[in-house]
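# Fold and geometry: a report
Each chain is listed here by its residues.
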Amino acid sequence: MEEFILIRPTSEYASQLAEYRQEFLDADNSMDGCGPLRRFGNPEEYIQVCKDYENPETVPSHLVPATQFLFIRKSDNKLVGMIQIRHRFNDFLEKYAGHIGYSVRPSERRKGYAKEMLKTALPFCKQIGINKVLIACIDGNTGSEKTILANGGLYESTVHEPNGDRDLKRFWITL
Ligand SMILES: CC(C)(COP(=O)(O)OP(=O)(O)OC[C@H]1O[C@@H](n2cnc3c(N)ncnc32)[C@H](O)[C@@H]1OP(=O)(O)O)[C@@H](O)C(=O)NCCC(=O)NCCS
């Protein structure tokens with residue numbers, strides 16, 4: 001397996017963030033685990049927003065603090081995945097979205113990267129005091145479900161999320 005690092009977004013990765021975003025737009029694919037990346041054509045603005053979202057003093061009042069990580073392949077310094085860790089629940093997260101969202105760019109899928117990215121991110125959850133991690137995936141998203149199961153996820157229940165009109169499978173990982 002290749003080696004990877006998880007790092008917070010910085011200007012060094014601005015152009016790669018723009019490419020990552022474009023790849024998802026071109027594929028008409030869900031930008032999970034990227035926070036508000038879809039809304040930001042300017043990566044420098046997005047990088048600043050990620051900082052604002054992590055700080056309890058600056059996160060918008062309707063959101064909880066969250067840490068954004070980039071999953072970087074060391075051999076070529078390439079941004080291959082993104083993962084967002086929400087520090088605590090609000091109603092929506094507790095019922096539906098859970099602590100963690102993630103994605104792997106379409107051109108780098110089916111190489112085990114999502115499994116490795118989640119594994120690499122779990123110690124950070126523990127560090128910030130999350131001992132039981134809730135992750136939810138859309139029923140039928142086999143790649144995500146297998147990623148969660150490979151990291152010790154235990155299925156709890158399936159809930160209907162009315163806004164997106166979708167069924168979500170909830171899993172817990174005990175750290
Ligand atoms: C879901 C996603 C993160 C998986 O990324 P990935 O790097 O391709 O996943 P991995 O290569 O680590 O694969 C994990 C497992 O799922 C399987 N898998 C991955 N994609 C799959 C697919 N489309 N169909 C069936 N199985 C799939 C892999 O074969 C692997 O199985 P294994 O454990 O038996 O070997 C990626 O498809 C993605 O970014 N999708 C859009 C965003 C998303 O759905 N995020 C999850 C939100 S909860």
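Everything that follows concerns the structure shown earlier in this document.
These remarks concern the structure in this document. Treat the numbers as computed from the prediction; the structure is a model and nothing was measured. (Residues numbered from 1 in each chain as written. Predicted model: local features only at pLDDT ≥ 70, side-chain atom pairs only at ≥ 80, totals over all residues. Heavy atoms only, no water.)

### A closer look at the overall build of the protein
We apply this condition: Helical segments are the DSSP runs of H or I of at least four residues, strand segments are the runs of E of at least two, and each set is numbered from the N terminus. For a compact globule the rule gives 2.2 Å times the number of residues to the power 0.38, and the radius of gyration it is set against comes from C-alpha atoms. Exposure categories follow from relative accessible area, calculated using a 1.4 Å probe and restricted to protein chains: below 20% of the type maximum is buried, above 50% is exposed, and the middle band is partly exposed. Contact definition: two residues touch when any of their heavy atoms are within 4.5 Å. Note that accessible areas follow from Shrake-Rupley with a 1.4 Å probe, and for residues the cover is restricted to the protein chains shown.
What the protein contains, in helices and strands, is five helices and seven strands. Ordered by position from N to C terminus, the α and β elements of the protein give β-α-α-β-β-α-β-α-β-α-β-β. Taken over C-alpha atoms, the radius of gyration comes to 15 Å for the protein, in line with the 16 Å a tight globule of 175 residues would show. Across its three principal directions, the C-alpha atoms of the protein cover 40 × 40 × 35 Å. Within the span of the protein, comprising 175 residues, buried residues form 46% of the whole. At a minimum sequence separation of 6, the contacts of the protein that also span at least 24 residues come to 61%. For the protein, the exposed surface amounts to about 9000 Å²; the carbon and sulfur share of it is 48%.

### Observations concerning the pairing of strand β1 (residues 4-7)
We count it as follows: Should DSSP find at least two bridges between two strands, the strands are taken to pair.
The alternating pattern of β1 places F4 and L6 on a buried face, while none of I5 and I7, on the opposite face, is buried. Sheet topology note: the β1/strand β2 (residues 66-73) ladder contains four bridges and is antiparallel. Within the sheet, the bridge partner assigned to I5 lies in β2 and is I72.

### Section: the sheet that holds β1
Put simply, the rule reads: Between the N-to-C directions of two axes lies an angle of 0 to 180 degrees, each axis being a line fitted to C-alpha atoms and, for a helix, fitted only over the stretch in contact.
Here four strands make up an open sheet; going across it, the order is β1-β2-β3-β4 and the pairing antiparallel. In this open sheet, the two strands that pair with only one neighbour each are β1 and β4 (100-104). Within the sheet, the average angular offset between the axes of one strand and its neighbour, ignoring direction, is 20°. Summarising the sheet, strand β3 (residues 78-86) and β4 pair through five bridges and their orientation is antiparallel. Paired with Q84 across the bridge in β4 is G101. Those strands touched by helix α1 (residues 14-26) are β2, β3 and β4, and its axis lies near 85° from that of β3. Along the sheet, helix α2 (residues 43-54) contacts β2 and β3; its crossing angle with β2, the most-contacted strand, is approximately 130°.

### Some details on the packing of aromatic side chains
The description of an aromatic ring pair rests on the distance of the ring centres and on the angle between the ring planes. The test is simple: Pairing of aromatic side chains here covers Phe, Tyr and the six-membered ring of Trp, requires ring centres within 6.5 Å, and sorts the geometry by plane angle: under 30 degrees stacked, over 60 edge-to-face, intermediate tilted. For a Lys NZ or an Arg CZ to count as sitting over a ring, it must be within 6 Å of the ring centre and within 35 degrees of the ring normal.
Summed over all chains, the structure comprises six aromatic pairs. The ring centre of W172 lies 4.9 Å from the NZ or CZ of K132, which sits over that ring. Stacked on the ring of Y155, the Lys or Arg K169 has its end atom at 5.5 Å from the ring centre.

Read these as layout, nothing more, since geometry by itself doesn't imply function.
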